[in-house]
Amino acid sequence: MAMNDSVNILNSAYLAVEYVDSYLPVNPLQQPFKNAWNYMLDNYTKFQIATWGSLIVHEASYFLLCVPGFVFQFIPYMQKYKIQQDKPETWEKQWKCFKTLLFNHFFIQLPLICGTYYFTEYFNIPYEWEEMPRWYVLVAQCFGCAVIEDAWHYFLHRLLHHKRIYKYIHKVHHEFVSPFGMQAEYAHPLETLILGAGFFIGIVVFCNHVVLLWAWVICRLMETIDVHSGYDVPLNPLHLVPFYAGARFHDFHHMNFIGNYASTFTWWDRIFGTDSQFIAYQEKEKKKQLITKKKA
């Protein structure tokens, strides 16, 4: 009975979204996107699309999403939004980060990406435009992937902080006490494999079209680059996501090394109490601000 009720609720939600969608104006980008997608299918093999297409989506998304945070360091006005203002970025650190990223992307992640085609073939995942899921289904699937990845990340990330193994693997990622966007995937190769595995679990569960692979890549990169940006910018649309942790939450993890282990959401840290130091820090900062205002 409970299962039937859940299915009915889910179906009702889909119908409601479809009803709203029917009244929305036609997306002017839909036809150009359809033409581009069909052109890709007509001119490239599935192996090329799954492998090189996925690589291009990852690299282009990663470095384009890093641009705003990189530019902020040169804009004096944006410095008031920098979380750790006493620790500015340096060219030396950014160059070191960039070189490590290139190694990880092409020698660790690319071999994994090469398996994308065989994954889609094994599970018979379609590429055709006609079978592409609607936008609201894609959004729901990406959210589901984020929930699964967040759970994986919390427990494995917390394990990597264990004193017996921390210095061998996860310490590399913590070389930067004050993180910046490009540092999101700066990590030991083993960490790239261990924590990166959580990315694929949601794909195995939800993937019904190759477009989800790319949509989830973009969503995941958007989130991880944002929380590593070092800037808490107002009107950030990601803050509309329920229970979204954000830059301040993860920046404290880099500053404190203990607690705030989740990647995207706050609930696992709240459940296990690993956000207690962060909450105490926030309360302390609020008191400082009140004292400063009273003196002014």
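Small disclaimer: the values here were computed from a predicted structure and weren't measured. (Residues numbered from 1 in each chain as written. Predicted model: local features only at pLDDT ≥ 70, side-chain atom pairs only at ≥ 80, totals over all residues. Heavy atoms only, no water.)

Undergrad: It is not clear to me how the UniProt feature "domain: Fatty acid hydroxylase" (unreviewed entry) in the chain should be interpreted in this structure. Could you clarify?
TA: When the UniProt feature table is mapped onto this chain numbering, "domain: Fatty acid hydroxylase" (unreviewed entry) sits at residues 144–274. Secondary structure content for residues 144–274 is 53% helix and 0% strand, while the C-alpha to C-alpha distance between its ends is 23 Å. (UniProt positions renumbered as here; feature names shortened; annotations may be inferred. Helix = DSSP H or I, 4+ residues; strand = E, 2+ residues; numbered from the N terminus.)

Undergrad: Please clarify how the packing of aromatic side chains should be interpreted in this entry.
TA: Tallying each qualifying case throughout the model produces 35 aromatic pairs. An aromatic cluster of at least three residues, connected via ring pairs, comprises Tyr154, Phe155, Tyr261, Trp268 and Phe272. Here the guanidinium or amino end of Lys82 rests over the ring plane of Tyr231, the centre of that ring lying 5.4 Å away. (Phe/Tyr/Trp six-rings, centres within 6.5 Å; stacked < 30°, edge-to-face > 60°. Lys NZ or Arg CZ within 6 Å of the ring centre and 35° of its normal.)

Undergrad: What should I look at first to understand the UniProt feature "transmembrane region" (unreviewed entry) in the chain in this one?
TA: Annotation from UniProt places "transmembrane region" (unreviewed entry) at residues 60–79, 100–120, 135–156 and 192–217. Here residues 60–79 is 65% helix and 0% strand, with 26 Å between the C-alpha atoms at its ends. For residues 192–217, helix accounts for 88% and strand for 0%, while the C-alpha atoms at its two ends are 15 Å apart.

Undergrad: Would you mind going over the nonpolar core with me for this structure?
TA: Proteins that are soluble and globular tend to have nonpolar side chains buried together. Formed by 37 residues in total, the largest nonpolar core has its most connected members in Trp37, Tyr62, Cys97, Met182, Ile203, Trp214 and Trp216. Residue assignment for this core shows that the elements contributing at least two residues are helix H2 (30–43), helix H3 (46–72), helix H4 (91–113), helix H6 (135–160), helix H7 (189–206) and helix H8 (210–227). By residue number, the principal contributor to this core is H8, which donates 10 residues. With residues near it in sequence (within four places) discarded, Ile203 still touches Phe119, Cys145, Leu212, Leu213 and Trp216. (Core = buried A, V, L, I, M, F, W, Y, C linked by side-chain atoms within 4.5 Å. Buried < 20%, exposed > 50% of the residue type's maximum accessible area, 1.4 Å probe, protein only. Contact = heavy atoms within 4.5 Å.)

Undergrad: What am I meant to see in the environment of His250 here?
TA: Position of His250 relative to the elements: it lies in helix H9 (residues 246–256). Considering only alpha carbons, one finds His250 and His228, 22 residues apart in sequence, at a separation of 6.9 Å. Those residues within four positions of His250 in sequence are excluded, and the remaining contacts are His173, Val227, His228, Asn260 and Ala262. Side chain to side chain, His250 and His254 meet in a polar contact 3.2 Å long. (Polar contact = N/O pair within 3.5 Å; in protein donor to acceptor, adjacent residues only side chain to side chain.)

Undergrad: Mind showing me how you'd approach the pattern of salt bridges here?
TA: Between side chains of opposite charge, a pair can form as their charged atoms come close. In total, this model carries 8 salt bridges according to the counting rule given. Glu89 is paired through a salt bridge with Lys82; the nearest N and O atoms lie 3.6 Å apart. The class of Glu89 is buried, set by a relative accessible area of 15%. Lys82 gets classed as buried once you look at its relative accessible area, which sits at 3%. The shortest N-O distance in the salt bridge between Lys87 and Asp86 comes to 3.3 Å. Classification of Lys87 by relative accessible area gives partly exposed; the value is 33%. Salt bridges linked by common partners bring Glu149, Arg220 and Glu223 together as one network. (Salt bridge = Lys/Arg side-chain N within 4 Å of Asp/Glu carboxyl O.)

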